[in-house]
Amino acid sequence: MEKGTLYLVATPIGNLEDMTYRAIKTLKEVDLILAEDTRKTMHLLNHFEISNKLISFYRHNEGTKIEHVIKLLNEGQNLALVSDAGTPAISDPGEDLVREAIKQEIEIIPIPGAVAFVQGLICSGFDTKRFVFEGFLPMNKGNRKEHLRRLENEERTIIFYEAPHKLKRTLKDLEEVFGGERRVVLSREITKLFEEHLRFTLSEAVEYYEDMDVKGEFVVLVEGAEVEEEIVEETIEELMEKYLSQ
């Protein structure tokens, strides 16, 4: 029996006009859609007049559902995985399913689309050639600080996701570890009605949000640490010997 295909389908992160033709076609044609939240996905399907079967596949039932999903794929069914918004398996369910599908030699095809951190990065003005995506920071305060300390001297642009109710604490932690003069860009509500990209030093960001009721989902981009060039002093004789040997 020929095995089915697992499609990883990116969906809009806010503006429904960012949905691709290929994503719509795929969601119409697969045998079943795996959705992080079936209610949210149903709203998306209704908007694009897509009639298809849905089952839930979210972080807390992922472990129990993977075996069932792999069974369907092995039986020849084509399945599409979607998250609530953006690209599945990026800080969303799907990573473990992909690993298991690879073990089972099931074909996996990505259907490209929106990724929030990429949109924030290209608007930041920071280095886009070299960057590191850290996703959501650990909840535990001690673990958060230790995690950030390991990034203190990171020279690449550092990217985090953050929820509104934790933003103030995160900014203070970043200021404490990276220093108040490090530059940061806060991209909020990307593609949505109140989208904005705010540029501060970390000290300015902490002050700006101090008495504010924070709303919206954030991509937090921190400029990489400055590279300190090591100055090596050599005598004229040493330089001559080095260049002659070359």
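Above: the structure in question.
Cut-off values and rules
- Residues numbered from 1 in each chain as written.
- Predicted model: local features only at pLDDT ≥ 70, side-chain atom pairs only at ≥ 80, totals over all residues.
- Heavy atoms only, no water.
- Pairing = 2+ DSSP bridges.
- Helix = DSSP H or I, 4+ residues; strand = E, 2+ residues; numbered from the N terminus.
- Axes fitted to C-alpha atoms, helices over the stretch in contact; angles between N-to-C directions.
- Phe/Tyr/Trp six-rings, centres within 6.5 Å; stacked < 30°, edge-to-face > 60°.
- Buried < 20%, exposed > 50% of the residue type's maximum accessible area, 1.4 Å probe, protein only.

S.K.: Describe the sheet that holds strand β6 (residues 131-136), with residues and values.
M.R.: Taken together, the 5 strands give an open sheet; going across it, the order is β6-β7-β10-β8-β9, and neighbouring strands pair in mixed fashion. Edge positions in the sheet fall to β6 and β9 (196-201), since each of these pairs with one other strand and no more. Taking the axes of each pair of neighbouring strands and ignoring which way they run, one obtains an average angle of 20° across the sheet. Inspection of the sheet shows strand β7 (residues 157-162) paired to strand β10 (residues 218-222) by 5 bridges, in the antiparallel sense. When the sheet's bridge partners are listed, Phe160 is paired in β10 with Val220.

S.K.: With reference to specific residues and values, describe the packing of aromatic side chains.
M.R.: For the coordinates displayed, the defined rule picks out 8 aromatic pairs. Where Phe117 meets Phe133, the ring centres are 4.3 Å apart and the plane angle is 15°; that geometry is what we call stacked. Of this pair, Phe117 sits in helix α5 (residues 116-124) while Phe133 sits in strand β6, and the two are 16 residues apart along the sequence. Overall, the relative accessible area of 10% leaves Phe117 in the buried class. The class of Phe133 is partly exposed, set by a relative accessible area of 26%.

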